[in-house]
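A closer look at the structure
Here's the letter readout for the chains.
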Amino acid sequence: MGNYLVAMEAAWLVRDVEEIDDAIGVAVSEAGKRLNSEDMDYVEVEVGATGCPACGEPFDSAFIAADTALVGLALEMEVFNADGEEHASRIAKSEVGGALRDVPLTVVEVVEVPEDE
């Protein structure tokens, strides 16, 4: 049994917004509120990064069209006493997915955390 840091990506839709910064702020705030209302304040929420297809430099994962934004959120949580990476992934996705119903969610990385002695 080990401890794992699980990184996930969520696609958050924000309506009636004109600026990227506003869309990002609303998405992070709404996701945080939904997680906190389920007593999941241990889940880290921030805007995701997408690599530029031309230069490879990362930029905020947000796109606006017709005053509607799609914001990619990066979520992280630590899972304790999991049987392996796959088990940790399923636990994290189940917990976060339960709080963020109807939000597309994908596990992007699972890293084993060494136990402190």
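Residues numbered from 1 in each chain as written. Predicted model: local features only at pLDDT ≥ 70, side-chain atom pairs only at ≥ 80, totals over all residues. Heavy atoms only, no water.

1. A few points about the overall build of the protein chain
The condition is simple: In this text, helices come from DSSP runs of H or I with a minimum length of four residues, and strands from runs of E with a minimum of two, each type numbered from the N-terminal end. Any residue under 20% of the maximum accessible area for its type is buried, any over 50% is exposed, and the rest in between are partly exposed; the area is computed with a 1.4 Å probe on protein chains only. In what follows, a contact means two residues having at least one pair of non-hydrogen atoms within 4.5 Å. What sets the accessible areas is the Shrake-Rupley method with a 1.4 Å probe; for residues, cover comes only from the shown protein chains.
Along the backbone of the protein chain there are two helices and seven strands. The order of α-helices and β-strands along the protein chain, N terminus first, is β-α-β-β-β-β-β-α-β. Projecting the C-alpha coordinates of the protein chain onto the three principal axes gives extents of approximately 50 × 35 × 25 Å. Counting only residues that meet the buried cut, the protein chain has 34% of its 117 residues in that class. Here the analysis covers contacts within the protein chain between residues at least 6 apart in sequence; of these, 73% occur between residues at least 24 apart. Here the protein chain has roughly 7,300 Å² of accessible surface; of this, 47% comes from carbon and sulfur atoms.

2. Quick look at unusual backbone geometry
The phi angle at N81 is positive, at roughly 55 degrees, despite the residue not being glycine. Locating N81 in the fold gives a position in strand β6 (residues 68–82).

Interpretation in functional terms is not warranted from these geometric data alone.
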